[in-house]
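# Structural characterization, general
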Amino acid sequence: MTYENCQCVKCGGMLVKRFTNDYQRDSQLPVGRRAGDAAVRRSNSGQERILTTRVGLKIPATLSYNRWEKAGLHIFQIADSSAWCLGDWLVYGQERYADRYQTGVQAAGLDYQTLRNYAWVARHFELWRRRENLSFGHHAEVASLPAVEADGWLDRAEQQGWSRNQLRVHLRESRQGNLAATPARASLPRISAPGDRVERWREAASKVERDFEEWILVSLDRAAAHELDR
C-alpha cells in the first residue's frame, strides 16, 4: 500500500512509503493476478502476506496473533494520519480557493461534513501542537477548549497513557466539578424544534458517545468557531 508525498505531521512528510514488507498493494500484482485470483502471496521468508485491495484486506488463514496485531497498528496509524491530512487539505482549500474548494471536494468524491469535522480540528491545532503519540480523536475531544487548557489535557493524556475514551471521562468529570463550584451560569433561550430533528440530534450524540447536552454545547462551539474564523 503506497502513500507518497502526503505532508502530514505524523509522518514528517510521507505518510507511509510501504505498508511494511509484509503488506503489498493488490494492484502491484502481475496482470491476471488481481483481487479475485491469488488469495495470498508469500514473502521471501515463506510467510504468507496480508494483501491490501481497494475493498479490503486479504488475510491468510494461518496468520499469527503478533502479525494480526501489527497489521491493526499500521492500519490505525494510516487512518489516523489521513484524518489530519484531509483536514489540512480542506483548510488550505477554504483559505486559498474559497469560491471553488467545494467543487474540489465533490470531484474527489469525499463527504463534505466529515471533512468539515476534520478541518475544524486541524484548524485548532497547528502542526507543532499535535501529539504524535495521541490519536486524532484525542485532539478532537479538546479542540473546543482554549489552547492552553487543551494542551494541558493532551499533556496529561500523553503522560498517563489515556485512551480517547478515558480522556473523555476525565473531561466530563472536570466539567461536572466546575459546574458544582460555579452554579451561576448564563442561560440559553428555550428552543422549540420538531421531534424528528431532536431525535436526529440525539442519534448524532449517541453515535459519538456523548451526552446529549454535552453534544449540543460542543456543536455550538464548533459552529461559533467556524463563523468567527471565516
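For the structure, see preceding data.
Owing to the predicted nature of the structure, the values given are computational and were not obtained by experimental measurement. (Residues numbered from 1 in each chain as written. Predicted model: local features only at pLDDT ≥ 70, side-chain atom pairs only at ≥ 80, totals over all residues. Heavy atoms only, no water.)

## Some details on the pattern of salt bridges
One pass over the full model with this rule turns up eight salt bridges. Between Arg130 and Asp88 there is a salt bridge, with the nearest N and O atoms lying 2.7 Å from each other. On the criterion of sequence distance, the pair formed by Arg130 in the loop between helix H3 (112-124) and helix H4 (136-142) and Asp88 in helix H1 (residues 65-96) is long-range, its members being 42 residues apart. Note that Glu126 and Arg129 form a salt bridge whose closest N and O atoms lie 3.3 Å from each other. Judged by its relative accessible area of 39%, Glu126 is partly exposed. Through salt bridges with shared partners, one network takes in Glu126, Arg129, Arg131, Asp151 and Asp155. (Salt bridge = Lys/Arg side-chain N within 4 Å of Asp/Glu carboxyl O. Helix = DSSP H or I, 4+ residues; strand = E, 2+ residues; numbered from the N terminus. Buried < 20%, exposed > 50% of the residue type's maximum accessible area, 1.4 Å probe, protein only.)

## A short note on the pairing of strand E2 (residues 50-53)
Of the two faces of E2, both are covered, the one formed by Ile50 and Thr52 as well as the one formed by Leu51 and Thr53. With three bridges connecting them, E2 and strand E3 (residues 56-58) associate as antiparallel partners. Along E3, the bridge assignment pairs Leu51 with Lys58. Taking the residues between adjacent antiparallel strands as the criterion, E2 and E3 are bridged by two residues. (Pairing = 2+ DSSP bridges.)

## Quick notes on the packing of aromatic side chains
Remark: the centre distance and the inter-plane angle together describe each pair of aromatic rings, the angle taken between the planes. This structure, assessed with the given rule, holds seven aromatic pairs. Taken together, a centroid distance of 6.3 Å and an interplanar angle of 65 degrees make the contact between Tyr92 and Tyr97 edge-to-face. Considering the side-chain rings of Tyr101 and Tyr112, the 6.3 Å spacing of their centres and the 45 degrees angle between planes classify their relative orientation as tilted. Of this pair, Tyr101 sits in helix H2 (residues 101-107) while Tyr112 sits in helix H3, and the two are 11 residues apart along the sequence. Every member of this aromatic cluster is reached through a ring pair, and the members are Trp84, Tyr118, Phe125 and Phe136. (Phe/Tyr/Trp six-rings, centres within 6.5 Å; stacked < 30°, edge-to-face > 60°.)

## Concerning a nonpolar patch on the surface
A contiguous nonpolar surface patch, about 240 Å² in accessible area, is contributed by Leu57, Ile59 and Ile75. Residue position: Ile75 is located in helix H1. Since its relative accessible area comes to 36%, Ile75 is described here as partly exposed. (Patch = residues over 30% accessible without salt bridge, like charges linked within 9 Å, V, L, I, M, F, W, Y side chains within 5 Å. Areas by Shrake-Rupley, 256 points an atom, 1.4 Å probe, with all protein chains shown as cover.)

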